[in-house]
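# Close look at the chain arrangement
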Amino acid sequence: MLGLMQDQPLLISSLIDFAERHHGDGEIVSRRVEGDLHRYTWAGVATRARQVANALDAEKLGPSERVATLAWNGYRHLELYFGVSGSGRVLHTINPRLHPDQIAWIAGHAQDRLLCFDATFLPLVQAVHARCPTIARYVMLCDAGKLPADTGIPNLVAYEDWIGKQPSTYVWPQLDENSASSMCYTSGTTGHPKAALYSHRSTLLHAYAAALPDVMSMSARDSVLPVVPMFHVNAWGIPYSAALTGCKLVFPGGALDGKSVYELIEGERVTYAAGVPTVWQMLLAHMGPNELKFSSLRRTVIGGSACPPAMIDAFRDKYGVEVLHAWGMTEMSPLGTLCTLKNKQLQLPPEDQMKIRMKQGRAIFGVDMRIVGEDGKELPWDGKTYGDLQVRGPWIVKDYYKADGPPPLVDGWFPTGDVATIDADGFMQITDRSKDVIKSGGEWISSIDIENIAMGHPAVQMAACVGMKHPKWDERPLLVVVKRPGAQVTREELLAFYESKTAKWQVPDDVVFLDAIPLGATGKMLKTRLREQLKDYKLPTA
Ligand code: AMP
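Residues numbered from 1 in each chain as written. Predicted model: local features only at pLDDT ≥ 70, side-chain atom pairs only at ≥ 80, totals over all residues. Heavy atoms only, no water.

## So, the overall build of the protein chain
In terms of helices and strands, the protein chain carries 16 helices and 25 strands. For the protein chain, the C-alpha radius of gyration of 24 Å lies close to 24 Å, the compact-globule estimate for 542 residues. Based on the C-alpha atoms only, the size of the protein chain along its principal axes is roughly 70 × 65 × 50 Å. Buried residues in the protein chain amount to 58% of all 542 residues. Nonlocal contacts in the protein chain, meaning residues at least 24 apart in sequence, comprise 66% of its contacts between residues at least 6 apart. When the accessible surface of the protein chain is split by element, carbon and sulfur atoms take 53% of a total near 22,800 Å². (Helix = DSSP H or I, 4+ residues; strand = E, 2+ residues; numbered from the N terminus. Rg over C-alpha atoms; globule rule 2.2 N^0.38 Å. Buried < 20%, exposed > 50% of the residue type's maximum accessible area, 1.4 Å probe, protein only. Contact = heavy atoms within 4.5 Å. Areas by Shrake-Rupley, 256 points an atom, 1.4 Å probe, with all protein chains shown as cover.)

Structure (structure tokens):
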């Protein structure tokens, strides 16, 4: 017997319709590339998203054709999120930090038909457009009549001219909820990037789940600052969850330095912010010396890379802000786990709570996870046993778009490439990417643990731990450190800092000081490149 409930597809257009009808006066504030702050409401987003849809019809773009963006977090990008996907096209957000060769490659692979870009990225578009034969129209996200002269880019139009003449009424198509809605290429370190292709259904289910109290806890009473970029995994789905909950949205544009982000948080009474650790490091580095405090910020979600415990402490002890550690990946839309304590854990002493808070957290309903050994057998949830982390669920990829290899799933599970433990309460902790694990004398050393300890030293700005060949132990950990500007610390002082913080055999064998650690397009440390850089290095005992 089938249920007798209405069968309505889960569509992105319904999110913007809902936002317009139920919290049409909710505010959207954006720092523009031009430098000023732009303000309008969800009703404005909805009106202009319909104009975008009409503009795409005028371009004769068919269903599922790809519309690319190279853009910061801002109101026009938000309009494209709803106008492109809502009208049945696929929004392809491109990461502008990728190498131009990679951008040209993925625009060709995705067969993008139209590219919308912020003025900041004009030089990038000038560098790649000749290698993007499928793109027939370029739209610069700027005011009417503000296109620079002689850009050399064919079929270029200013966004406000492009949508300005379009009607603001549009009937959203009733799509199959499994239709593709957006896509994002992973920034893998080897081979060509691979595309996760999200659907309307996966996006809506993720939006519901992300808004839950033990996940991102977003509500109409919040003022939310997604520093996490809209050009990578849909800013962790925040634009969709925001339309669903009616929170105020605050967009930082390209100004991600500590001062600009702090001013935006204070000026817009931000209660809740989300971003990767490097951005928060810049913010804390600005606030400390200037003796600044937050007057409205209560919570921040930090993920994308392991959040150093010293950062969790600093936010809580100095600024009264709760840090929620999150884990996910492009292939997971991206949210997988979030670290919110259970009731019984709130009674624990602060040190024990801290041990839990630094974990990546427990699975969100919709994400099933497990750890397996080399033989593929499931390993126990005891908080100690390491294994390859696998996941499955309705917002996790089953394959890549136009994949050239075999489908990634193993017995229906997606192998994340992360190595993790899971404890009896279901809290997962990443110890490494599987290719970064350090194997010393038959035991594994977690590079993240070693980095976290170093990050607790006041002179350390960034730390990476890599395994170096060793004649006796197979591999031994080497610590690579970037010092804070003006700070002094020696190799011996840093190694002494590990005493009583970890087992003796896990203490790095040596420390190398560098001016910078190579970072990838999403701000993660590129250990492959770091290892190349260190190829002539020899451990003292080796
Ligand atoms: P991406 O697909 O570029 O978002 O990268 C996903 C990968 O980032 C994951 O597979 C993890 O290796 C890493 N990652 C994401 N969040 C965290 C976190 N909180 N702690 C440690 N690693 C993380």
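## Focus: the nonpolar core
Of all hydrophobic cores here, the largest spans 143 residues; its most connected members are Trp42, Phe82, Phe117, Met216, Trp280 and Phe294. No other element matches the eight residues that helix α2 (residues 42-58) contributes to this core. Counting residues in hydrophobic clusters, the runner-up holds 20 residues, among them Ile438, Ile453, Ala454 and Cys465. (Core = buried A, V, L, I, M, F, W, Y, C linked by side-chain atoms within 4.5 Å.)

## Description of the site of the ligand
Surrounding the ligand, one finds 15 residues, the nearest of these being Ala326, Thr330, Gln360, Asp418 and Arg433. Ala326 has a polar backbone atom sitting 2.6 Å from a nitrogen atom of the ligand. A distance of 2.6 Å separates an oxygen atom of the ligand from a polar atom in the side chain of Thr330. Here the ligand loses 90% of its free accessible area of 500 Å² to cover by the protein chains. Looking at the shell around the ligand element by element, the count peaks at four residues for strand β14 (residues 322-328). Residues that form the shell around the ligand fall into these classes: four nonpolar, eight polar and three charged. (Near = heavy atom within 4 Å. Polar contact = N/O pair within 3.5 Å; in protein donor to acceptor, adjacent residues only side chain to side chain. Nonpolar A, V, L, I, M, F, W, Y, C, P; charged D, E, K, R; others polar.)

## Quick word on the pairing of strand β17 (residues 368-372)
Judged by how many residues are buried, β17 sits mostly within the fold: four of five residues are covered. Judged from the five bridges that link them, β17 and strand β18 (residues 387-392) form a sheet pairing that is antiparallel. Bridge pairing in β18 links Met369 to Val391. (Pairing = 2+ DSSP bridges.)

## Re the packing of aromatic side chains
Applying the stated rule across the entire model yields 12 aromatic pairs. Pairing Trp72 with Phe121 gives two aromatic rings, centres 5.1 Å apart and planes at 40°, and the pair type is tilted. With Trp72 in the loop between β3 (66-70) and α3 (75-86) and Phe121 in the loop between β5 (112-117) and α5 (122-128), this pair connects stretches of sequence that are 49 residues apart. By the burial criterion, Trp72 is buried, and Phe121 matches it. Put simply, the rings of Trp42, Tyr81, Phe82 and Tyr240 pair up and form one aromatic cluster. Above the ring of Phe513, the side-chain terminus of Lys483 is found at 4.6 Å from the ring centroid. (Phe/Tyr/Trp six-rings, centres within 6.5 Å; stacked < 30°, edge-to-face > 60°. Lys NZ or Arg CZ within 6 Å of the ring centre and 35° of its normal.)

## A closer look at the pattern of salt bridges
Scanning the model with the defined rule gives 32 salt bridges in all. As a salt-bridge pair, Glu160 and Arg76 come within 2.9 Å of each other at their nearest N and O atoms. Here Glu160 is found in helix α6 (residues 159-164), whereas its partner Arg76 is found in helix α3, with 84 residues between them in sequence. This pair shows no difference in class: Glu160 is buried, exactly as Arg76 is. Look at the salt bridges and you will find they share partners, linking Arg32, Glu34, Asp36, Arg48, Arg76, Glu79, Asp143 and Glu160 into a network. (Salt bridge = Lys/Arg side-chain N within 4 Å of Asp/Glu carboxyl O.)

## Focus: the pairing of strand β13 (residues 299-302)
Where burial is concerned, the two faces of β13 agree: the one with Arg299 and Val301 and the one with Thr300 and Ile302 are both buried. The parallel pair strand β12 (residues 272-275) and β13, bridged by helix α11 (residues 277-287), forms a crossover whose chirality is right-handed. As judged from the four bridges shared by β13 and β14, these two strands associate in the parallel manner. Residue Ile302 lies in a different strand from β14, and its bridge partner there is His325. (Right-handed = clockwise from strand over helix to strand, strands pointing away.)

## Some thoughts on the packing of α2 against α3
Here α2 crosses α3 at 60°, and the two axes come no closer than 8 Å. Put simply, α2 runs oblique to α3. As for the relative orientation of α2 and α3, their crossing is right-handed in sense. The segment α2 lies against α3, with Trp42, Val45, Arg48, Ala49, Val52, Ala53 and Leu56 engaging Tyr75, Arg76, Leu78, Glu79, Leu80, Phe82, Gly83 and Val84. Partitioned by chemical class, the residues of the contact of α2 with α3 number 11 nonpolar, one polar and three charged. (Axes fitted to C-alpha atoms, helices over the stretch in contact; angles between N-to-C directions. Parallel < 35°, antiparallel > 145°, perpendicular 65-115°, else oblique. Left-handed = near helix turned anticlockwise from the far one by under 90°.)

Read these as spatial facts, not as claims about activity.
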